Each structure stands twice: as structure tokens, then as C-alpha cells.
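# Structural overview
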Number of protein chains: 2
Amino acid sequence: MTLQPQAAFRALSDPTRRTILTLLDDQPMTIAQVSDRFDMTRAAVKKHLTILKEGDLIRVEPRGRERINSLNPEGMRPVRDWLSHFDRFWDDKLDALKRTIETGEADND
Amino acid sequence: MTLQPQAAFRALSDPTRRTILTLLDDQPMTIAQVSDRFDMTRAAVKKHLTILKEGDLIRVEPRGRERINSLNPEGMRPVRDWLSHFDRFWDDKLDALKRTIETGEADND
DNA sequence: TTGACGTGATACCTTTTGGTGCCATATATA
DNA sequence: TATATATGGCACCAAAAGGTATCACGTCAA
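In this text, all values refer to a predicted model and were calculated from it rather than measured experimentally.

### Some words on the pairing of strand β2 (residues 58-63) of chain A
Residues and elements named next belong to chain A. Relative to strand β3 (residues 66-71), β2 runs antiparallel, the two being bridged by six bridges. Residue pairing across strands places Ile58 opposite Leu71, the latter belonging to β3. Connecting β2 to the antiparallel partner β3 that follows it, the hairpin turn spans two residues, and Gly64 within it adopts a positive phi of roughly 65 degrees.

### Looking at the sheet that holds β2(A)
Residue and element names in this part refer to chain A. Here we have three strands laid out as an open sheet, ordered β1-β3-β2, and antiparallel in their pairing. The outermost strands of the open sheet, each flanked by one partner alone, are β1 (29-30) and β2. Bridge analysis of β1 against β3 gives two bridges, and the strand direction is antiparallel. Bridging across to β3, Met29 finds its partner in Asn69.

### Examining the packing of helix α5 (residues 77-84) of chain A against helix α5 (residues 77-84) of chain B
Relative orientation of the contacting elements α5(A) and α5(B) amounts to 150 degrees, with a least axis distance of 11 Å. Comparing the axis directions of α5(A) and α5(B) gives the class roughly antiparallel. In this structure, α5(A) crosses over α5(B), and the sense of that crossing is left-handed. Contact residues: α5(A) offers Val79(A), Arg80(A), Leu83(A) and Ser84(A), while α5(B) offers Val79(B), Arg80(B), Leu83(B) and Ser84(B). Residue composition of the contact of α5(A) with α5(B), grouped by class: four nonpolar, two polar and two charged.

### Looking at the pattern of salt bridges
The tally for this structure, following the rule as stated, stands at six salt bridges over all chains. Measuring nitrogen to oxygen at the nearest pair gives 3.5 Å for the salt bridge that ties Asp87(A) to Arg80(B). Highlighted residues: Asp87(A) in the loop between α5 and α6 (88-101) and Arg80(B) in helix α5, drawn from two different chains. Residue classification places Arg80(B) among the partly exposed residues on the basis of a relative accessible area of 23%.

### Some thoughts on helix α4 (residues 42-54) of chain A
All names here are of chain A. Between its terminal C-alpha atoms α4 stretches 18 Å, which fits the 18 Å expected from 13 residues at 1.5 Å a residue. Regarding α4, the residues found buried are Val45, His48, Leu49, Ile51 and Leu52. Buried residues along α4 cover an arc of 160 degrees about the axis, so they all sit on one side. In α4, the exposed positions that point more than 90 degrees away from the buried face belong to Lys47 and Glu54. Its buried side turned inward, α4 meets α1 (6-12), α2 (15-26), α3 (31-36), β2 and β3. Just downstream of α4 lies Asp56, where phi reads positive at about 65 degrees.

### Here's the deal with the protein's contact with DNA strand C
Of all residues adjacent to DNA strand C, which total 20 residues, the nearest are Lys46(A), Arg67(A), Thr41(B), Lys47(B) and His48(B). A distance of 3.3 Å separates a phosphate oxygen of DNA strand C from a polar backbone atom of Ile31(A). Listing elements by their share of the surface near DNA strand C, those giving two or more residues are α3, α4 and β3 of chain A together with α4 (42-54) of chain B. Among the elements that make up the surface near DNA strand C, the one with the highest residue count is α4(B) (five residues). Class assignment of the residues belonging to the surface near DNA strand C gives a composition of six nonpolar, four polar and 10 charged.

Parameters at a glance
Residues numbered from 1 in each chain as written. Chains lettered and ligands numbered in written order. Predicted model: local features only at pLDDT ≥ 70, side-chain atom pairs only at ≥ 80, totals over all residues. Heavy atoms only, no water. Pairing = 2+ DSSP bridges. Helix = DSSP H or I, 4+ residues; strand = E, 2+ residues; numbered from the N terminus. Axes fitted to C-alpha atoms, helices over the stretch in contact; angles between N-to-C directions. Parallel < 35°, antiparallel > 145°, perpendicular 65-115°, else oblique. Left-handed = near helix turned anticlockwise from the far one by under 90°. Contact = heavy atoms within 4.5 Å. Nonpolar A, V, L, I, M, F, W, Y, C, P; charged D, E, K, R; others polar. Salt bridge = Lys/Arg side-chain N within 4 Å of Asp/Glu carboxyl O. Buried < 20%, exposed > 50% of the residue type's maximum accessible area, 1.4 Å probe, protein only. Expected span 1.5 Å × (residues − 1). Arc of directions from axis to C-beta. Near = heavy atom within 4 Å. Polar contact = N/O pair within 3.5 Å; in protein donor to acceptor, adjacent residues only side chain to side chain.

Structure representation (C-alpha cells):
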């Protein structure tokens, strides 16, 4: 079902990148704007944004000579889905739903 | 409020460690038992287990000369909580609930 | 056209990470 | 006691990660 969550998990493992996500949650920003919020070079921030893009956690749209980085909340779904595997509560809910539907549809895990 | 999720995020960033969590979800295992499931040395697996423990994702209980490692699903709560910050759907639900509680009125939508 | 600006890309450095091998220590067992 | 077993801990290594400096390139503006 869920795609390889490795890229997203990797992207989330760094505190700077998680902070960037909270910034982009407020508003889309150019690379320079994001860089202004950190005590590191623009090149370093650019690397973090690249890794966030690889994890599909942000969208990047060129606008003239700028690149607008925005949050992609959907990209966190693979991570949430993977975690849900260990959440007994939701597992039970899904099992109940499965029994309710009882259509015998394919369900691979 | 949620604790620092860094240790948990870091623990989850490695695919071997995520696989270990799925193994321990089935049943508690000794270090040697976990090691048997991987093509790497026991020392390497031990390191992974240490990092998982630091992230509070597993419990470790000495039993004689063995150490029983078991899953700690509660340890994933800081991660889930952090992720929920970006989940507009649940944010809206919680906001609605908050309004309902504060006003003491029914919330029909 | 000429710069200034925003970004892409590369080389390079240091620290962390994931892995190995080896040996010490504690516990179970013949 | 003697010995095998299960683990802890350390030194060590290669690769990855996070960071810097630097230069090239496309775009906007005077």
C-alpha cells in the first residue's frame, strides 16, 4: 500500500528541516527567505530544501528567477501510514471496518 | 506539550531500525534473536537497539543473562503529535471541538 | 547593455553514522 | 569448577551527512 517512506523519514530526521517545514506551514518562501531564518549559508539551506523535496514534503515552483517553496502536507501520509501500523487503536478500527465491508477486496500488507 | 521528538525521529530514520520495530511488534525478542533476522553482526544490531531505546521506541528488560526487547508504541506519540501539527483535517476537527466545548453548544456541520 | 540579484552546482572539509572485530563480563549449565 | 552462552564495550573503518566557499547561469531592472 504505502510507498517507500524512507525519503520522508530521512527528511524528517533533521531538526533544521523540521523547522523549515513549520516555517513553510505559515507561508511559502523563497530559498533566500528561508535562509534568512537560519544561522547558516544559503547553500546549506538549499541542501535541506533538496532533501525535503526528495521526501515529497515540499513543493517547489519556479517564479521568475525565484523558487517558491511551499509545504506539501500530503507528503507526510506515508509516514503517518507507517506509524499507524503500530497504533493498536486504529488497527482495531480498520479491522472493524474491514469486517464491516466484508467484500473480500485485495488487501496486501 | 510534546517532548523533544528528535531522538524518536532519528531512531525512525533508518530502515533497519524500522524493520526491527515491525519484528518486535509481533513478539518481544532477545538481541540474539533480532540479530538472526539480519545479515549483520550482533554488535551492529545492538547499536540499532540502543538508538531505538534512546528514542523510547522500545523497552528493554533484563532476564537472566538475556535482554528482552519489546515494542513501546507510546514512544511514537511525540512523532505523531509533531506530524499532527500539519494535518489540517484534524486541526479543523480539534478547533471545532474546542469551540463546541467553550460555547457549550452543539456543533452542527 | 550592464549590473545586481536569486539560484544551481561543484569541490572540499569535519562530524556523524552504520558497520566490523575483538575482548571483557555476567549468567546458565554440565 | 569449568565451560558455553548472552551481552557490553571499545577501537577502528568507510561512507554518509551537514556545512562552507566559490563560481557559473538565468532573470530582473536601470
